[in-house]
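Understanding the architecture of this molecule
Residue-level listing of the chains:
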Amino acid sequence: MEKKMIASLQFLLSIMLVMLLFCMAKVSCADPEAKIHDHVTGSEVVKGPTRRLLPFVDCGAKCEARCSAHSRKKICTRACGTCCSRCKCVPPGTYGNREVCGRCYTDMVTHGNKPKCP
């Protein structure tokens, strides 16, 4: 009696394993970007386990342009890079216009409570 129960449990587990493998194969064969491709404009990138679309910003080039007239370019570029990666935005021009990027950019401060983002 006990052997029949063990055999039936093994049979049930093997069927469940086959079903799991089938489902995994079905998912891995599906085109992962089929649904996303319709909405991607080239300025968005898929990030994270939730597969959210986030705007793509070339922080290096934009921060280089933003800090081109700054007297301390390296410090400006480093701070701008941090702000760009967190806020996904760099204001236009070399000075001012910080409100274009919203509260994320304008409200970020240093340890000395001074505005961090150039």
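Basis of the calculations
Residues numbered from 1 in each chain as written. Predicted model: local features only at pLDDT ≥ 70, side-chain atom pairs only at ≥ 80, totals over all residues. Heavy atoms only, no water. Helix = DSSP H or I, 4+ residues; strand = E, 2+ residues; numbered from the N terminus. Contact = heavy atoms within 4.5 Å. Polar contact = N/O pair within 3.5 Å; in protein donor to acceptor, adjacent residues only side chain to side chain. Buried < 20%, exposed > 50% of the residue type's maximum accessible area, 1.4 Å probe, protein only. Arc of directions from axis to C-beta. Disulfide = S-S within 2.5 Å.

Regarding the environment of Arg66
Counting through the fold element by element, Arg66 comes out in helix 2 (residues 59-66). Residues Arg66 and Pro91 lie 25 residues apart in sequence; the distance between their C-alpha atoms is 7.7 Å. Apart from the residues within four sequence positions on either side, Arg66 is in contact with Cys80, Val90, Pro91, Pro92, Gly93, Thr94, Tyr95, Gly96, Arg98, Tyr105 and Pro118. A distance of 2.8 Å separates a polar atom in the side chain of Arg66 from the backbone oxygen of Gly96.

Topic: helix 2
Since one α-helical turn is 3.6 residues long, residues separated by three or four positions face the same way. Burial in helix 2 covers these residues: Cys59, Cys63 and Arg66. The arc that holds every buried residue of helix 2, seen down its axis, measures 55 degrees, which confines them to one face. In this structure, the buried side of helix 2 is in contact with helix 3 (73-87) and helix 4 (103-107).

Regarding the state of the cysteines
Per the stated rule, a full pass over the model turns up 6 disulfides. There is a disulfide in this structure between Cys83 and Cys117, and the S-S distance comes to 2.0 Å. Given an S-S torsion of about -95 degrees, the disulfide between Cys83 and Cys117 has left-handed geometry. Placement of Cys83 in helix 3 and of Cys117 in the segment after helix 4 is noted, with a sequence separation of 34 residues between them. With a sulfur-sulfur separation of 2.0 Å, Cys89 is cross-linked through a disulfide to Cys101. Of note, the bridge from Cys89 to Cys101 carries an S-S torsion of about -70 degrees and is left-handed in sense. Taken together, the residues span a long stretch of sequence, with Cys89 in the loop between helix 3 and helix 4 and Cys101 in the loop between helix 3 and helix 4 at a distance of 12 residues. Each member of the pair Cys89 and Cys101 is classed as buried. Among the cysteines of the protein that take part in disulfides, numbered as they appear in the sequence, the pairing is 1-7, 2-5, 3-4, 6-12, 8-11, 9-10.

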